[in-house]
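Geometric and topological summary
One-letter residues, chain by chain:
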Amino acid sequence: MGLSGAIGAGKSTALEALARLGAQVLSTDAVVHDLYETADLRDAVVARWGQAVAPGGIVDRAAVARMAFASDEDRRWLEQQLWPRVGARIAEWRERAAATRPRPAALVVEVPLLFEAGMENAFDATLVVLAADELRAARTDSRDHAAAEEREARQLPQMEKARRATYTVTNDGTVAELEQRLSAALGKLNG
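What you see is a predicted model; the values in this text were computed from it and never measured. Position labels on residues start from 1 in each chain and follow its written sequence. Local features in this predicted model are restricted to residues whose pLDDT is 70 or higher, and side-chain atom pairs enter the listing and the counts only when it is 80 or higher, whereas totals over whole chains, interfaces and linings include all residues. As a rule here, side-chain values cover all heavy atoms of the structure and leave hydrogens and water aside.

1. Examining the overall build of the chain
Here is the rule we go by: Comment: elements are numbered from the N terminus, with helices defined as DSSP H or I runs of at least four residues and strands as E runs of at least two. Within these notes, the globule rule equals 2.2 Å times the number of residues to the 0.38 power, and the radius of gyration is based on C-alpha atoms.
Looking only at helices and strands, one finds nine helices and five strands in the chain. Ordered by position from N to C terminus, the α and β elements of the chain give β-α-β-α-α-α-α-β-β-α-α-α-β-α. For 191 residues, the compact-globule estimate of 2.2 N^0.38 gives 16 Å, and the chain sits close to it at 17 Å. Taken along its principal axes, the extent of the C-alpha atoms in the chain is 50 × 40 × 25 Å.

The following block contains the structure:
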């Protein structure tokens, strides 16, 4: 199942809850973080934007984000570097996870840009986490506002994501309430 939602909706919290409910989970954000540690991707971003994006040979994700969001061309270039690599990692993970015994409740991959990247058909179902705009804004207050606004601008509105999703859950209460709602969604998926 592909998991998505708007910035601040609680995708990571939902992913952690799904793991507690018996799902095998994968965060594409974690995959991207790992990919930046590989020589080939590090060398590609340095060739594109210079040594400043990888001081001491370690990719500075914030610096890469600033460069990538500077223009549509730069953003598209980075997506062309990342998305095929992320897709390959997801396929490898799925193969390993599907062989796990006992069988997990579900295989769930968190993909913030699931619908924007056209990846929804790669999953048997999709789940979107929803939250009110005010609540999402409060959750992202500690983050870099400029980067959050740029990221939000490239995402579909959350209600469009919800319209496209197989399942939706609202994350407007406690983690325990979210976990109950996710449990119900897993029941539908496996029912």
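Read on, since the account is not over.
2. Examining the side chain of T28
Rules: Each residue gets one of three labels from its accessible area relative to the maximum for its type: buried under 20%, exposed over 50%, partly exposed in between, using a 1.4 Å probe on protein chains only. In the analysis that follows, any N or O atom pair within 3.5 Å is treated as a polar contact, provided that within protein one partner can donate a hydrogen and the other can accept it, and provided that, for residues neighboring in sequence, both atoms belong to side chains. Contacts are assigned to residue pairs with any non-hydrogen atoms lying within 4.5 Å of each other.
Secondary-structure assignment places T28 in helix α2 (residues 28-35). The buried category is assigned to T28, whose relative accessible area is 6%. Within polar-contact distance, the side chain of T28 engages the backbone oxygen of E110 at 2.8 Å. Among residues more than four places away in sequence, those in contact with T28 are V86, I90, V109, E110, V111 and P112.

3. Description of the packing of aromatic side chains
Here is the rule we go by: Each aromatic pair joins two rings of Phe, Tyr and Trp (for Trp, the six-membered one) with centres within 6.5 Å, and gets the label stacked for planes under 30 degrees apart, edge-to-face for over 60, and tilted for any other angle.
Under the defined criterion, the tally for this structure stands at one aromatic pair. Look at W49 and W77: their rings are 5.1 Å apart centre to centre, the planes differ by 80°, and that puts the pair in the edge-to-face class. Here W49, found in helix α3 (residues 39-49), pairs with W77, found in helix α5 (residues 72-98); they are 28 residues apart in sequence, far enough to count as distant. Of the residues examined, W77 reaches a relative accessible area of 15% and is grouped as buried.

4. Topic: the sheet that holds strand β2 (residues 24-27)
Our working rule: A pair of strands counts as paired when DSSP detects no fewer than two bridges linking them. What counts as an axis is a line fitted to C-alpha atoms, over the stretch in contact for a helix, and the angles between N-to-C directions run from 0 to 180 degrees.
Read across the sheet, five strands follow the order β2-β3-β1-β4-β5 without closing on themselves; strand pairing throughout is parallel. A single partner strand is all that each edge strand has here, and the edge strands are β2 and β5 (167-170). Mean inter-strand twist for the sheet, computed between neighbouring axes without regard to direction, equals 25°. Across four bridges, the pairing between strand β1 (residues 2-5) and strand β4 (residues 126-130) is parallel. Bridged to S4 within β4 is V128.

5. Some remarks on the pairing of β5
Where burial is concerned, the two faces of β5 differ: the one with Y167 and V169 is buried and the one with T168 and T170 is not. Of the pairings in the sheet, the one linking β4 to β5 comprises four bridges and is parallel in character. Bridging across to β5, V129 finds its partner in V169.

6. Quick word on the nonpolar core
For clarity, the cut-off: The nonpolar core is taken to be a set of buried Ala, Val, Leu, Ile, Met, Phe, Trp, Tyr and Cys residues, with the residues joined through side-chain atoms within 4.5 Å.
Membership of the largest hydrophobic core comes to 32 residues, with the highest contact counts inside it found for Y36, V45, W49, V64, L78 and V109. Among the secondary structure elements, those contributing two or more residues to this core are α2, α3, α4 (61-68), α5 and β4. Per-element accounting of this core gives the leading share, seven residues, to α5. Excluding anything up to four places from it in sequence, V64 contacts Y36, V45, W49, V53, V59 and L78. With 20 residues, the next largest nonpolar core counts M1, A106, L127 and L182 among its residues.

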